[in-house]
Amino acid sequence: MKIVFTSQGTTWEAKIDPRFGRTDFFVIYDEESGVLDSLDNRAIAETAHGAGPQTAQKLSELQADILITGNGPGGNAARVLTQSNMNIYVGASAMTVKEAYATYQKGELQEF
Amino acid sequence: MKEIVVISGKGGTGKTSLTAAFAYLGGKDVIVADCDVDAADMHLLLEPDFQEGEDFYSGELAEIDPEACIDCAKCAEICRFDAIANGNGSYRVKALDCEGCGYCARICPTEAITMQPQNVGKWYISAIKRDSTMVHARLGIAAENSGKLVARVKNEAKRIAAEQQKNLVLVDGSPGIGCPVVSSLSGADFVVLVTEPTVSGMHDLKRVYELVRKFGIRAGCIINKASLNDDVSQTIHRFLEENQIIHIADLPYDENFTVAMTQAKTIVEFDNAQLGHKVEESWVRICNVVNSLEEKQT
């Protein structure tokens, strides 16, 4: 499984960014290979409107299976994401990426 | 640090009057962010000093280079906003009509049209009443608020709160349910919904609550001017119960709100007896709920 986290940094210790569209980074974890990667999304701060759908587009290009985030995507972004068969989990706002992954593994994150 | 966002859906419910009163009551402990930038008016009650300001760019405007333009008129034909007109023999962009979509720049055969970042106003950091700090913005004529500007104002407020070790950021949220509201809400710990007992107040409360619910943010509601219509107030009470929204308070219709405003005072400065007391009780209630939320590790 390829799992993507919205995050404020690029490591396991980074805090989850509760925002979807305007998240600073994505941390990408490939469970098969064990590789932890990241994607800088900070250029989104320059987008006046429609940050959600734009980030959703970027995310669907990553071909991730699972998204773990805080508040969850807004209406327009959610519509884009549902096209991509991605499972979305929310409520990880207060956690680090590591904690969010552990909570997800325990099945304790809420499905969006 | 906790972030409280006050929204209403409908305009005119008293959202900003109450947010300003809460800012006053919170005093030094609270950093205030005014994200209702389209019709910013919280500064009227909180006396900001516009200490620091910075230009803000959002969106783009088309610009035609007359040297490169061959007068083919393609841009004027495809512009669905009728923002390109021929005056005095040359084509030019009507700045107020241009939506910045960029279609004209894309189809121009000589690349005479470029998209220019638009200066829409300024954002400020100000000292306000009671030694607190407010981050706010002022838009130019015909400029509009955006998720970008809201994110900027909120991020600055959070940065200052972290720097000064303040526990609370109080956000006057944007109206409606669009992009700026999504930006206002995302990352919030608690949402205060301010409504009024009118059909449109109720309708917009439901609409904006849909968004809050989707984001999974805990919410409370103040019914302002509750005495205006008992029937609708009762309907709102039921709606709050059904959705497990905390009923923070019913506030009566009171013209002192307006009188206080004309004196540039928050309601708690003007009337510290009955009404002011009720507003203070609401604030204490909000603080108690927020303090009981699980500590966010920021």
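Note that the structure is predicted; figures quoted are calculated from it, not measured.

## A word on the overall build of chain A
The number of helices and strands found in chain A is 3 helices and 6 strands. Across chain A, helices and strands are ordered from the amino to the carboxyl terminus as β-β-β-α-β-α-β-α-β. Whereas a compact globule of 112 residues would reach a radius of gyration of roughly 13 Å, chain A reaches 12 Å, a difference of no more than 12%. Across its three principal directions, the C-alpha atoms of chain A cover 35 × 25 × 25 Å.

## Description of the interface of chain B and chain A
Put simply, an interface is often sized by how much accessible area is lost when its parts join up. Each partner contributes to the interface: chain B provides 19 residues, whereas chain A provides 18 residues. Mapped by element, the contributors of at least two residues to the side of chain B that touches chain A are strand S3 (52–64), helix H5 (147–163) and helix H6 (179–185) of chain B. Of the residues assigned to the side of chain B that touches chain A, the class counts are 5 nonpolar, 10 polar and 4 charged.

## Side note on the pairing of strand S2 (residues 25–30) of chain A
All names here are of chain A. In the sheet, strand S1 (residues 2–7) pairs with S2 via 6 bridges, with the strands oriented antiparallel. Directly across from Thr 6, in S2, lies its bridge partner Phe 26. Sheet topology places S2 next to strand S3 (residues 35–40); 6 bridges connect them, and they run antiparallel. Paired with Val 27 across the strands is Ser 38, a residue of S3. Adjacent in sequence and paired antiparallel, S2 and S3 are bridged by 4 residues, among which Gly 34 carries a positive phi angle near 75°.

## What about the domain arrangement of chain B?
According to the domain assignment, chain B consists of domain 1 (2–56 + 122–292) and domain 2 (66–111). For domain 1 of chain B and domain 2 of chain B, the distance between their C-alpha centres works out to 41 Å.

## Description of the pairing of strand S5 (residues 87–90) of chain A
Residue and element names in this part refer to chain A. Bridge analysis of strand S4 (residues 66–68) against S5 gives 3 bridges, and the strand direction is parallel. Its bridge partner lying in S5, Ile 68 is registered against Tyr 89. This β-α-β element, S4 to helix H2 (residues 75–82) to S5, shows right-handed connectivity. Pairing between S5 and strand S6 (residues 110–111): 2 bridges, direction antiparallel. When the sheet's bridge partners are listed, Tyr 89 is paired in S6 with Glu 111.

## Things to note about the sheet that holds S6(A)
All names here are of chain A. Here 6 strands make up an open sheet; going across it, the order is S3-S2-S1-S4-S5-S6 and the pairing mixed. Single-partner strands in this sheet number two, and they are S3 and S6. Sheet contacts for helix H3 (residues 97–105): S1, S2, S4 and S5; angle to S1, the most-contacted strand, approximately 135°.

## Comments concerning the sheet that holds strand S8 (residues 168–172) of chain B
All names here are of chain B. Taken together, 9 strands build an open sheet; the order of strands is S3-S6-S7-S2-S8-S1-S9-S10-S11 and the sheet is mixed. A single partner strand is all that each edge strand has here, and the edge strands are S3 and strand S11 (246–250). Each strand axis lies, on average, 20° off the axis of its neighbour in the sheet, ignoring direction. Here strand S9 (residues 190–195) pairs with strand S10 (residues 218–223) via 6 bridges, running parallel. Residue Phe 190 lies in a different strand from S10, and its bridge partner there is Arg 218. Set on the sheet, helix H1 (residues 15–26) makes contact with strand S1 (2–7), strand S2 (30–34), strand S7 (132–139), S8, S9 and S10; between it and S8 the angle comes to about 160°. On top of the sheet, helix H7 (residues 199–214) reaches S1, S9 and S10; it is set at about 170° to S9, its chief contact.

## Some details on helix H1 (residues 51–62) of chain A
The α-helix advances 3.6 residues per turn, and as a result positions three or four apart in sequence lie on the same side. Residues and elements named next belong to chain A. Taking 1.5 Å per residue, 12 residues should reach 16 Å; H1 reaches 17 Å between its end C-alpha atoms and fits that length. All of the buried residues in H1 are Ala 51, Gly 52, Pro 53, Thr 55, Ala 56 and Leu 59. Positive phi shows up at Gln 63, right after H1, with a value of about 55°.

## A look at unusual backbone geometry
Residue and element names in this part refer to chain B. With a phi close to 55°, Asn 88 is a non-glycine residue in the positive phi region. With 5 C-beta atoms packed within 10 Å, Asn 88 lands in the exposed category. The backbone of Asp 131 sits at a positive phi, close to 60°, despite the residue not being glycine. Structurally, Asp 131 can be placed in the loop between strand S6 (113–128) and S7. The class of Asp 131 is exposed, set by 8 C-beta atoms lying within 10 Å.

## Remarks on the nonpolar core
Counting 77 residues, the largest nonpolar core has B:Leu185, B:Val191 and B:Leu193 as its most contacted members. Broken down by element, the residue count for this core peaks at 7 residues, all from H1(B). Residues in contact with B:Leu185, not counting those within four places in the same chain, are B:Val5, B:Val191, B:Leu211, B:Val212, B:Phe215 and B:Ile217. In terms of nonpolar packing, the next biggest core, distinct from the first, is built from 26 residues, A:Ile16, A:Ala56, A:Met95 and A:Leu109 among them.

## Notes on the environment of B:Glu60
Residue and element names in this part refer to chain B. Following the sequence through the fold, Glu 60 ends up in strand S3. Owing to 18 C-beta atoms within 10 Å, Glu 60 belongs among the partly exposed residues under this scheme. Look past the residues within four positions of Glu 60 in its chain and what remains in contact with it is Gly 100, Gly 102, Met 115, Gln 116, Pro 117 and Gln 118.

The rules behind each value
- Residues numbered from 1 in each chain as written.
- Chains lettered and ligands numbered in written order.
- Predicted model: local features only at pLDDT ≥ 70, side-chain atom pairs only at ≥ 80, totals over all residues.
- Helix = DSSP H or I, 4+ residues; strand = E, 2+ residues; numbered from the N terminus.
- Rg over C-alpha atoms; globule rule 2.2 N^0.38 Å.
- Contact = placed C-beta atoms within 7 Å.
- Nonpolar A, V, L, I, M, F, W, Y, C, P; charged D, E, K, R; others polar.
- Pairing = 2+ DSSP bridges.
- Domains from an automatic or database assignment.
- Right-handed = clockwise from strand over helix to strand, strands pointing away.
- Axes fitted to C-alpha atoms, helices over the stretch in contact; angles between N-to-C directions.
- Expected span 1.5 Å × (residues − 1).
- Buried ≥ 20, exposed ≤ 12 C-beta atoms within 10 Å, placed from the backbone.
- Core = buried A, V, L, I, M, F, W, Y, C linked by C-beta atoms within 7 Å.

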